[in-house]
Amino acid sequence: MSMPDFVAAVEAIIEEHLNNIHTAVPAKITSIDTKKGLVSVKPLAQLKINEKVYEYPVINDVPLVMPSNSTLGIEVAVPIAVNDNVLLIFSEQALDYWRGTGTDNTEIKYGLSNAIAIPGLMGAMTDTAKRATEEKAIIIKSENNEIMLSKRNIAIRGEINVVGTLFINGKQIEP
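Note that the structure is a prediction, hence the values are computed from the model and not measured. (Residues numbered from 1 in each chain as written. Predicted model: local features only at pLDDT ≥ 70, side-chain atom pairs only at ≥ 80, totals over all residues. Heavy atoms only, no water.)

Tell me about the overall build of the protein, and please be specific about residues and values.
The helix and strand tally for the protein stands at three helices and 14 strands. In terms of overall size, the protein is more extended than a compact globule, its C-alpha atoms giving a radius of gyration of 23 Å where 175 residues would be expected to give roughly 16 Å. Considering only C-alpha atoms, the protein reaches an extent of 85 × 40 × 30 Å along its principal axes. Buried residues in the protein amount to 18% of all 175 residues. Of the contacts made within the protein by residues no fewer than 6 positions apart, 45% connect residues no fewer than 24 positions apart. (Helix = DSSP H or I, 4+ residues; strand = E, 2+ residues; numbered from the N terminus. Rg over C-alpha atoms; globule rule 2.2 N^0.38 Å. Buried < 20%, exposed > 50% of the residue type's maximum accessible area, 1.4 Å probe, protein only. Contact = heavy atoms within 4.5 Å.)

In structure tokens:
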């Protein structure tokens, strides 16, 4: 075998293996299991192997990422719906050990079954995201209700419903 043929053979083997490593891909939610807290997703990409193009299959039982600290009981949750865009990332190791259903000694690395979904992938910047960028603020919005936190102030727009005790400047306000 000549040196160029050897190099070409090695490159072909490497390319074949790299095509089976998944890192991140956009996807759409196809179904939601609220009891298990898992979603099914359809990757919005195609896989090309040996000049043939394949559609990714629907991936089931995918956990979602949302900011939280379960130890302290703190979480930020956003609603999700079928057809929402997510970013799928593929864990280096199987999720079985983390899920408490097995061990982490699998040979599968970056496999489709190791997908984790992050909601909120935007195809284009929304008006709210543009404002947050321009104002250097965090904006939480649900239709006409909004909270904006910036260096300047905290602005609340919408009806306010207080459940519990309300204090203003350290003084309790009676309902």
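Now that the structure has been shown, the text picks up again.
How would you explain the sheet that holds strand β9 (residues 115–119) if you had to name every residue and give the values?
Spatially, the five strands line up as an open sheet ordered β5-β2-β1-β8-β9, and their pairing is antiparallel. For this open sheet the edge positions go to β5 (59–63) and β9, each flanked by a neighbour on one side alone. Neighbour-to-neighbour, the strand axes of the sheet open up by a mean angle of 50°, direction not taken into account. Pairing analysis gives three bridges linking strand β2 (residues 38–43) to β5, with the strands arranged antiparallel. In the strand pairing of β5, valine 39 is matched with valine 62. (Pairing = 2+ DSSP bridges. Axes fitted to C-alpha atoms, helices over the stretch in contact; angles between N-to-C directions.)

Quick rundown of the pattern of salt bridges? Include the residues and the values.
Under the definition given, this model contains four salt bridges. Among the salt bridges present, the one from arginine 157 reaches glutamate 146, with a minimum N-O distance of 3.2 Å. Of the two residues, arginine 157 sits in strand β12 (residues 154–157) while glutamate 146 sits in strand β11 (residues 145–149), which places them 11 residues apart along the sequence. Salt bridges here are not isolated pairs; linked through shared partners, they connect Arg131, Glu146 and Arg157. (Salt bridge = Lys/Arg side-chain N within 4 Å of Asp/Glu carboxyl O.)

Can you lay out the layout of surface pockets for me, pointing to particular residues and giving the numbers?
Here the largest pocket defines a volume of roughly 640 Å³. At four residues, strand β10 (residues 138–142) tops the list of elements feeding residues into the lining of the largest pocket. (1 Å grid on protein atoms, 1.4 Å probe; cavity = no way out; pocket = protein on both sides within 12 Å on 5 of 7 lines; lining within 4 Å. Points joined across faces, edges and corners; volume = space filled by probe spheres on them.)

Tell me about the sheet that holds β10, residues and numbers included.
A sheet is described by the order of its strands in space; here three strands give the open sequence β10-β11-β12, paired in antiparallel fashion. Here the strands that pair on one side only, and so sit at the sheet edges, are β10 and β12. Strand-to-strand twist of the sheet, defined as the mean angle between neighbouring strand axes without regard to direction, takes the value 5°. The pairing of β11 with β12 spans four bridges and is classified as antiparallel. Within β12, the residue paired with glutamate 146 across the bridge is arginine 157. Its contacts with the sheet put helix α3 (residues 127–135) on β10, β11 and β12, and the angle it makes with β10 is roughly 155°.

Please set out the environment of leucine 112 residue by residue, giving values where relevant.
Checked against the element boundaries, leucine 112 lands in the loop between α2 (96–99) and β9. C-alpha separation for the pair leucine 112 and phenylalanine 90, spaced 22 residues apart in sequence, amounts to 6.7 Å. Not counting the four nearest positions on each side in its chain, leucine 112 is found in contact with His22, Tyr56, Pro57, Ile59 and Phe90.

Which residues make up the nonpolar core, and what values do they have?
One finds Val25, Ala27, Ile29, Val39, Val41, Ile59, Val62, Val86, Leu88, Phe90, Ala115 and Ala117 forming the largest nonpolar core, which totals 12 residues. Elements with a minimum of two residues in this core: β1 (24–33), β2, β5, β8 (85–90) and β9. (Core = buried A, V, L, I, M, F, W, Y, C linked by side-chain atoms within 4.5 Å.)

Please provide a residue-by-residue account of unusual backbone geometry, values included.
In this structure, lysine 136 takes a positive phi of about 50° despite not being glycine. Along the polypeptide, lysine 136 turns up in the loop between α3 and β10. Even without being glycine, asparagine 169 reaches a positive phi, approximately 50°. One can find asparagine 169 in the loop between β13 (166–168) and β14 (171–173). Residue classification places asparagine 169 among the exposed positions, given a relative accessible area of 78%.

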